[in-house]
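Each chain, written out:
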Amino acid sequence: MAPMKAMKAMKGSKAAVKSMPKSAIAATIAEEHDLKRGVCAKIMDSLAVLAAAEVKKTGKFVIPGVAMLKTRVKPATKAGKREVFGKEVMVKAKPAKTVVKAYPVAAI
């Protein structure tokens, strides 16, 4: 039980890590390539639209040097009783669904 308490203490003491917002990414790219920030933001929007359409159509999209987006079919689950944390719980049936997963490239 002691290791769990130590893990909880470490989680609580960790400072919240903030990710870079879209505007900051656009500003950085704009500065690096001598473009306007608005142009970079529009390019990022079009990349997002393109990625969504391509993943929906083919099931796979690669952003070179960054990540690969893939679809995966999660199988349906049956209704019944399951043991969760030592208690028997009734669970509902869930249909199969397609989820999108992102995999980092080998360079990262």
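Residues numbered from 1 in each chain as written. Predicted model: local features only at pLDDT ≥ 70, side-chain atom pairs only at ≥ 80, totals over all residues. Heavy atoms only, no water.

What follows concerns a positive patch on the surface. Judged by side-chain charge, R72, K74, R82, K94, K97 and K101 come together as a positively charged surface patch. The set of elements that each furnish at least two residues to the positive patch consists of β2 (67-74) and β5 (97-104). Following the sequence through the fold, K94 ends up in the loop between β4 (87-91) and β5. Using a relative accessible area of 58% as the deciding quantity, one classes K94 as exposed. (Patch = residues over 30% accessible without salt bridge, like charges linked within 9 Å, V, L, I, M, F, W, Y side chains within 5 Å. Areas by Shrake-Rupley, 256 points an atom, 1.4 Å probe, with all protein chains shown as cover. Salt bridge = Lys/Arg side-chain N within 4 Å of Asp/Glu carboxyl O. Lys, Arg positive; Asp, Glu negative; His and termini not counted. Charge placed at Lys NZ, Arg CZ, Asp CG, Glu CD. Helix = DSSP H or I, 4+ residues; strand = E, 2+ residues; numbered from the N terminus. Buried < 20%, exposed > 50% of the residue type's maximum accessible area, 1.4 Å probe, protein only.)

Where strand β1 (residues 60-63) and β2 come together, four bridges link them in antiparallel fashion. Note that in β2 the partner of V62 across the bridge is M68. Here β1 folds back onto β2 in antiparallel fashion, the turn holding three residues, of which G65 has a positive phi close to 85 degrees. (Pairing = 2+ DSSP bridges.)

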